[in-house]
Amino acid sequence: MSKAINKIASRAVPVHLENIDTDQIIPARFLKATTREGFGDNLFRDWRYNADGTPKKDFVLNDPTYSGKILVAGKNFGCGSSREHAAWAIKDAGFDVVVSSFFADIFKNNALNNFLLPVTVSEDFLQQLFTAIEKDPKTKLDVNLGDQTITANGHSETFEIDDYKKTCLLNGYDDIDFLLSIRGEIEIFEHQYAGI
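Because the structure is predicted, anything quoted here is derived from the model rather than measured.

**Some details on the pattern of salt bridges**
Close approach of charged atoms allows side chains of opposite charge to pair.
Line of reasoning, step 1. If you walk through the whole model with that rule in mind, you get 3 salt bridges.
Line of reasoning, step 2. In this structure, Asp46 and Arg29 form a salt bridge, with 2.5 Å as the shortest nitrogen-oxygen distance. With a gap of 17 residues between them, Asp46 in helix α2 (residues 45-48) and Arg29 in the loop between α1 (22-25) and α2 connect regions that are remote in the sequence.
Line of reasoning, step 3. In this structure Asp46 comes out as partly exposed when scored by relative accessible area, which is 37%.
Line of reasoning, step 4. Under the relative-accessibility criterion, Arg29 is labelled partly exposed at 46%.
Line of reasoning, step 5. Taking the shortest distance from any N to any O, the salt bridge between Asp96 and Lys91 comes out at 2.7 Å.
Line of reasoning, step 6. Residue class for Lys91 comes out partly exposed when judged on its relative accessible area of 27%.

Written out as structure tokens, the structure is:
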């Protein structure tokens, strides 16, 4: 299965809250596993479920009205501890993109390393997205990594991404895959500078 991300057209799930920290994304008590699978079941665990494990009907992830591969969240998303499991949980829950007006740096890097695209938009555009999605849950968002644009209801905004990470996401490369993809260039460099 390809990990590459290029164009994603999907409905979105709105979590209209600011300062969502990594302990809210995936509580510390669920960090015992060392593989990336299964964390999606506990994404937003304490907001999503009651103490007895029953779903909270008023939380958006339990509302069948909302679905899709794009999570739209309030500003300062992923703050708190540096746990990579937060990105694992979001990706394992079926999301490929998270949209916010600001991401914590460590979360942003963890997301990019796990083929989860963090899209930073202006606060005004973010509020437009929330309004559109909450008005019509079938609203489709178009994320184009190649062009670095996000579009909804005919309105677009560009977003920034590191060129190296963009290349990796477009090709489905992790850091090792990238090095292997330029192996020929590395070998040429070695020959030129080692006097071989």
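Additional details are given in the paragraphs that follow.
**Here's the deal with the side chain of Asn144**
Line of reasoning, step 1. On the secondary structure map, Asn144 appears in strand β6 (residues 141-144).
Line of reasoning, step 2. Within the structure, Asn144 has its side chain in polar contact with the backbone nitrogen of Asp147 (distance 2.8 Å).
Line of reasoning, step 3. Setting aside residues up to four positions removed in sequence, Asn144 forms contacts with Asn6, Lys7, Thr149 and Phe159.

**Side note on the nonpolar core**
Line of reasoning, step 1. Ranked by size, the top nonpolar core spans 52 residues in total, and within it Val72, Phe77, Ile90, Val99, Phe107 and Leu117 carry the most contacts.
Line of reasoning, step 2. Leu117 has contacts with Ile5, Asp96, Val97, Val98, Leu112, Val143, Leu145, Phe159, Ile161 and Leu169, leaving out every residue within four places of it along the chain.

**Focus: the packing of aromatic side chains**
Line of reasoning, step 1. For the structure on display, the rule yields 7 aromatic pairs.
Line of reasoning, step 2. Ring centres 5.2 Å apart and planes at 80 degrees place the aromatic pair Phe77 and Phe107 in the edge-to-face group. Here Phe107 lies in helix α4 (residues 105-113) and Phe77 lies in the loop between β3 (70-73) and α3 (85-92), a separation of 30 residues in the sequence. This pair shows no difference in class: Phe77 is buried, exactly as Phe107 is.
Line of reasoning, step 3. With 6.2 Å between their ring centres and 15 degrees between their planes, Phe103 and Phe107 make a pair best called stacked.
Line of reasoning, step 4. Residue class for Phe103 comes out buried when judged on its relative accessible area of 3%.
Line of reasoning, step 5. With relative accessibility at 2%, the residue Phe107 sits in the buried group.
Line of reasoning, step 6. An aromatic cluster is built from Phe44, Trp47 and Phe59, whose rings are joined through pairwise contacts.

The rules behind each value
Residues numbered from 1 in each chain as written. Predicted model: local features only at pLDDT ≥ 70, side-chain atom pairs only at ≥ 80, totals over all residues. Heavy atoms only, no water. Salt bridge = Lys/Arg side-chain N within 4 Å of Asp/Glu carboxyl O. Helix = DSSP H or I, 4+ residues; strand = E, 2+ residues; numbered from the N terminus. Buried < 20%, exposed > 50% of the residue type's maximum accessible area, 1.4 Å probe, protein only. Polar contact = N/O pair within 3.5 Å; in protein donor to acceptor, adjacent residues only side chain to side chain. Contact = heavy atoms within 4.5 Å. Core = buried A, V, L, I, M, F, W, Y, C linked by side-chain atoms within 4.5 Å. Phe/Tyr/Trp six-rings, centres within 6.5 Å; stacked < 30°, edge-to-face > 60°.

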